[in-house]
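Structural overview
Now for the letters of each chain:
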Amino acid sequence: MAVPKNALKKWEKVREFALGMPGATEEFPWGETVAKVNKKVFVFLGVDDGSYPLGITVKLKEESAHAHALTCPGAEPAGYGLGKSGWVSIPLERQGTPDAELLCDWVEESYRTIAPKRLIAELDAR
């Protein structure tokens, strides 16, 4: 199944943004793309091979951002009990999906929740 071009473009922008964060690394556990900081995942990017709908999962502690993310078409608290700690899964292939800019804001918030203070200070200094 082909991935819609606009969804793939958003995904690529979000991935590039995430990997541009201080100390960010890309890993592929379970065949899924994730961005980590300090050995901890701050965004799950899923797979981009079309085998599963394109989407991202971020940790949003800030209540209004969390609530806003859950209003996206098809968005839901993340599985495996992660939803209880503020993780939200946002599909990118649906009509009305947020633009890449907002998705990147959420990735940054997720990063700030997980990254050590020294890297957040580095981010703020940019």
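Use the structure listed above.
Residues numbered from 1 in each chain as written. Predicted model: local features only at pLDDT ≥ 70, side-chain atom pairs only at ≥ 80, totals over all residues. Heavy atoms only, no water.

1. Remarks on the overall build of the protein
- Secondary structure assignment for the protein yields 4 helices and 6 strands.
- Written out in order from the N terminus, the α and β elements of the protein read α-β-β-β-β-α-β-β-α-α.
- Relative to the compact-globule value of 14 Å for 126 residues, the protein shows a C-alpha radius of gyration of 14 Å, a close match.
- Once the C-alpha set of the protein is aligned to its principal axes, its extents read approximately 40 × 30 × 25 Å.
- Within the span of the protein, comprising 126 residues, buried residues form 47% of the whole.
- Of the contacts made within the protein by residues no fewer than 6 positions apart, 55% connect residues no fewer than 24 positions apart.
- Per element, the accessible surface of the protein, about 7200 Å² overall, is 52% carbon and sulfur.
- With 16 positive and 18 negative side-chain charges, the protein shows a separation of 4 Å between the mean positions of the two kinds. (Helix = DSSP H or I, 4+ residues; strand = E, 2+ residues; numbered from the N terminus. Rg over C-alpha atoms; globule rule 2.2 N^0.38 Å. Buried < 20%, exposed > 50% of the residue type's maximum accessible area, 1.4 Å probe, protein only. Contact = heavy atoms within 4.5 Å. Areas by Shrake-Rupley, 256 points an atom, 1.4 Å probe, with all protein chains shown as cover. Lys, Arg positive; Asp, Glu negative; His and termini not counted. Charge placed at Lys NZ, Arg CZ, Asp CG, Glu CD.)

2. Side note on the nonpolar core
- F42, V43, I56, I90 and W106 are the most contacted members of the largest nonpolar core, which has 38 residues in total.
- Elements with a contribution of two residues or more to this core: helix 1 (5–19), strand 2 (33–37), strand 3 (40–46), strand 4 (55–59), helix 2 (63–70), strand 6 (87–91), helix 3 (100–114) and helix 4 (117–125). (Core = buried A, V, L, I, M, F, W, Y, C linked by side-chain atoms within 4.5 Å.)

3. Topic: the pattern of salt bridges
- Evaluation of the coordinates by the stated rule reveals 4 salt bridges.
- Notably, a salt bridge pairs R15 with E26, separated by 2.5 Å at the nearest N-O pair. Of the two residues, R15 sits in helix 1 while E26 sits in strand 1 (residues 24–27), which places them 11 residues apart along the sequence.
- Given the relative accessible area of 28%, R15 is considered partly exposed. (Salt bridge = Lys/Arg side-chain N within 4 Å of Asp/Glu carboxyl O.)

4. Focus: helix 3
- Here helix 3 contains 15 residues, and its C-alpha end-to-end distance of 21 Å stays within 8% of the 21 Å for a straight helix at 1.5 Å per residue.
- All buried positions along helix 3 are accounted for by A100, L103, C104, W106, V107, E109, S110, Y111 and I114. (Expected span 1.5 Å × (residues − 1).)

5. Regarding helix 4
- For helix 4, every residue scored as buried is listed here: L119, I120 and L123. An end-on view of helix 4 places all buried positions within 105 degrees of arc, on one side of the element. Pointing more than 90 degrees away from the buried face of helix 4 are the exposed residues K117, R118 and A125.
- Among the structural elements, strand 2 and helix 3 are those in contact with the buried residues of helix 4. (Arc of directions from axis to C-beta.)

6. Some words on the state of the cysteines
- Counted by the stated rule, this structure contains 0 disulfides.
- Here C72 stays unpaired: no disulfide links it, and the sulfur of C104, its closest cysteine neighbor, is 14 Å away. (Disulfide = S-S within 2.5 Å.)

7. Thoughts on the packing of aromatic side chains
- Summed over all chains, the structure comprises 3 aromatic pairs.
- Clustering of aromatic rings is evident, with ring pairs tying together W30, F44 and W87. (Phe/Tyr/Trp six-rings, centres within 6.5 Å; stacked < 30°, edge-to-face > 60°.)

8. Thoughts on a negative patch on the surface
- On the surface, E12, E16, D48 and D49 cluster together into a negatively charged patch.
- Its location among the elements puts D49 in the loop between strand 3 and strand 4. (Patch = residues over 30% accessible without salt bridge, like charges linked within 9 Å, V, L, I, M, F, W, Y side chains within 5 Å.)

9. Some words on the side chain of K10
- Mapping K10 onto the fold places it in helix 1.
- For the buried K10, which has no salt bridge, the nearest side chain bearing the opposite charge is D99, at an N-O separation of 7.1 Å.
- Among the polar contacts listed, one links the side chain of K10 to the backbone oxygen of T97, at a separation of 3.2 Å.
- Look past the residues within four positions of K10 in its chain and what remains in contact with it is T97, P98, D99, A100 and L103. (Polar contact = N/O pair within 3.5 Å; in protein donor to acceptor, adjacent residues only side chain to side chain.)

Keep in mind that these numbers describe shape and distance, not what the molecule does.
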